[in-house]
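Working through the structure, step by step
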Amino acid sequence: MARFVLISDTSLSHDYRNTPLLDFLASAPTSSLPGSIYHFLKGPAPPETGGRPLFAPYSLRKLEAALLRAYSHYEVAVAHEDHLEEFVDDDTELIGVTTMDPLGLGPLTMSYSVLFGTSAPAYVRKEFEELLARINRARAGKQRKPRLVVGGPGVWELTVRPEVLEAFSVDYAFQGEADDIAVDLFEYLSGDSSENTQFYRGFQTFDRSFHKQWVENEKFVSRYPFSRQFPKLEDIPEIANPSIKGMVEAMRGCGVGCDFCEVTLRPLRYCPVEKVQKEIAVNVAAGVDRVWLHSDEIFAYEHGADYAPNEDALVELMRGVMATHGVDRTNPTHGRISIPAAYPDLIARLSEIMRAGPDNWIGVQMGVETGSDRLAKMHMPNKTLPLKVGQDGTWQEIVLRGTRVMNTHYWRPAFTVQVGQSGETEEDNWETVALINKLSNSTLDDGRPFEFTVTPMQNVPLGHLKSREFSSLRLDQSQLAVYYASYRHLAKMAARNAFSSSGDPNPLARLATGLMVGLGSWGLFQIVSNICKKGGLDVAKAERHGLVASATPRPVGS
Ligand code: SF4
């Protein structure tokens, strides 16, 4: 039986019927979204063979690959969520769980909690707790109780509420990237290694200015302070088994330096095309013809001075992806809007390589964060590079210009904006409302309306997260207006695209998903609208703010 059993938080292991943005559904509060609808839209669990999932979250596949360097396939088991118990027996030493938003403290989940004024757990938290309860039942009564470690990008939430580890009988939380040290870490945590010269018992935390602090805590395991904190590129293994949605990575780190973003602190590591292709081949062998190319900022791939894109490197990367045997489509996961705004020819070239078109929109998540020049300059002065706010137009003009370029070439950005940023004023939020309204009312030269989604994210001060008082946070009218404008546009987009956006191969499921997404977005907007009206928002003002009084508002820029 397996010595090490790996599993992910179940909110990460489904494909959400291959419908854009439905992955966000697990952030909804359980009190606001009926379980039957959530579970239908989440889609079925992945197929399995021998109790192992055919597809697993990318982070879990990376950990598996790192362990397979020292252990056999029999010793390391990624367990399917319906078959976990079959892998845990007297030989099992350690169970590892990877998680993204275990306590529901992520900015999207918080946006629902604050907007709906509820402390009811989100689905992400409910499923995390249910998984831990199952693991604890499975390991109870074993001759030598396997230890339980939680890792992944959501571990920061456990540093905010470390008492949760005790409450759920979690032995350890590991913080950080583990590709190069996974074997030593698992040996250490499973108790076979008497020496510990490699691991610090505690965690890193950051203040609002991203100053690093180390906090001792026996439940947490990290690399030693002042030692190398991240694996080198050559120590990062390629996945050995298929990942969900055909995800592979192109790079790690970002370096753009937005002051609210932890990713910027990680060193840049670019995966050569051959490395990317090896991972794609693993997914293609499992029948996947689509590549989700992960990075936190794809246009920073081998970037030049002032974060100018390296056009040759990007072209070579995309050519390499599309030329890999079996690949039909690809999309990068994240990028900056200033690059399409400044380099329309690059987007045209990439679109041609990626075969973008009316039947193949390239979806990409982009953090626009604000419509305010003041906040853009304050929190993310480099995100606009190589353009400069003021010199090359306002931030709104840059975003409008970039969206026009992207839509012209059939890229559909999924924007996020922030509410509750430090130093934010009501005027800043109204600038964000103006930006959303301008985008929502803009058309391309051929008359097509702008295609984009926008999702508000809530910044909640750490103090509130610690005290669990976030449901008592009151949104002011300008913040409500950002939510109102965002969900109004989302309902408009869903009415237009709900039936065409689902990639579910089953036509009936596609129809049902389309109906639920269309009606659900309309219903969600009605709920948000009522909350905003109750909060005193002048919704007529929110609908027209930023629009000129002409019949067909046009964006500034070209
Ligand atoms: S561009 Fe994106 S990933 Fe990079 S630092 Fe800014 S927010 Fe973070």
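Residues numbered from 1 in each chain as written. Predicted model: local features only at pLDDT ≥ 70, side-chain atom pairs only at ≥ 80, totals over all residues. Heavy atoms only, no water.

1. A short note on the pairing of strand E9 (residues 202–206)
E9 sits mainly inside the fold: four of its five residues count as buried. In this structure, E9 lies alongside strand E10 (residues 212–216), joined through five bridges in antiparallel fashion. By the bridge assignment, Phe203 is partnered in E10 with Val215. (Buried < 20%, exposed > 50% of the residue type's maximum accessible area, 1.4 Å probe, protein only. Helix = DSSP H or I, 4+ residues; strand = E, 2+ residues; numbered from the N terminus. Pairing = 2+ DSSP bridges.)

2. So, the domain arrangement of the protein
Split into domains, the protein comes out as domain 1 (4–223) and domain 2 (336–544). A straight line from the C-alpha centre of domain 1 to that of domain 2 covers 30 Å. (Domains from an automatic or database assignment.)

3. Some thoughts on the nonpolar core
Core analysis: the biggest nonpolar cluster contains 116 residues, and Leu293, Phe299, Leu350, Trp395, Trp411, Phe415 and Leu537 have the highest contact counts within it. At nine residues, helix H17 (residues 477–501) tops the list of elements feeding residues into this core. Two domains share this core, each providing at least three of its residues, namely domain 1 (4–223) and domain 2 (336–544). Ignoring sequence-local partners within four residues, the contact set of Leu350 consists of Phe299, Leu314, Val315, Met318 and Trp411. Membership of the second largest hydrophobic core comes to 23 residues, among which are Leu63, Ala66, Phe174 and Leu189. (Core = buried A, V, L, I, M, F, W, Y, C linked by side-chain atoms within 4.5 Å. Contact = heavy atoms within 4.5 Å.)

4. Focus: the side chain of Ser243
Inspection of the secondary structure puts Ser243 in the loop between strand E11 (220–223) and strand E12 (247–249). Its relative accessible area of 0% is what places Ser243 among the buried residues. Apart from the residues lying within four places of it in its own chain, the contact partners of Ser243 are Phe55, Ala56, Tyr58, Arg61 and Asn283.

5. Quick notes on helix H4 (residues 107–116)
When you tally the buried positions in H4, you get eight out of ten residues, the bulk of the element. Once H4 finishes, Gly117 follows within two positions and takes phi at roughly 60 degrees, a positive value.

6. Concerning the pairing of strand E17 (residues 362–369)
Among the eight residues of E17, six are classified as buried, and the element is accordingly described as predominantly covered. Both E17 and strand E18 (residues 411–419) contribute to a ladder of seven bridges, which runs parallel. Residue pairing in the sheet places Gly363 in a bridge with Arg412 of E18.

7. Some details on empty space enclosed by the protein
Counted by the stated rule, this structure contains three cavities of 30 Å³ or more. Of the voids in this model, the largest cavity is the one considered here, and its volume is about 80 Å³. Taken together, 13 residues form the lining of the largest cavity, with Ser8, Ser13, Pro53, Ala79 and Glu81 sitting closest to its centre. Its residues assigned to classes, the lining of the largest cavity comprises nine nonpolar, three polar and one charged. (1 Å grid on protein atoms, 1.4 Å probe; cavity = no way out; pocket = protein on both sides within 12 Å on 5 of 7 lines; lining within 4 Å. Points joined across faces, edges and corners; volume = space filled by probe spheres on them. Nonpolar A, V, L, I, M, F, W, Y, C, P; charged D, E, K, R; others polar.)

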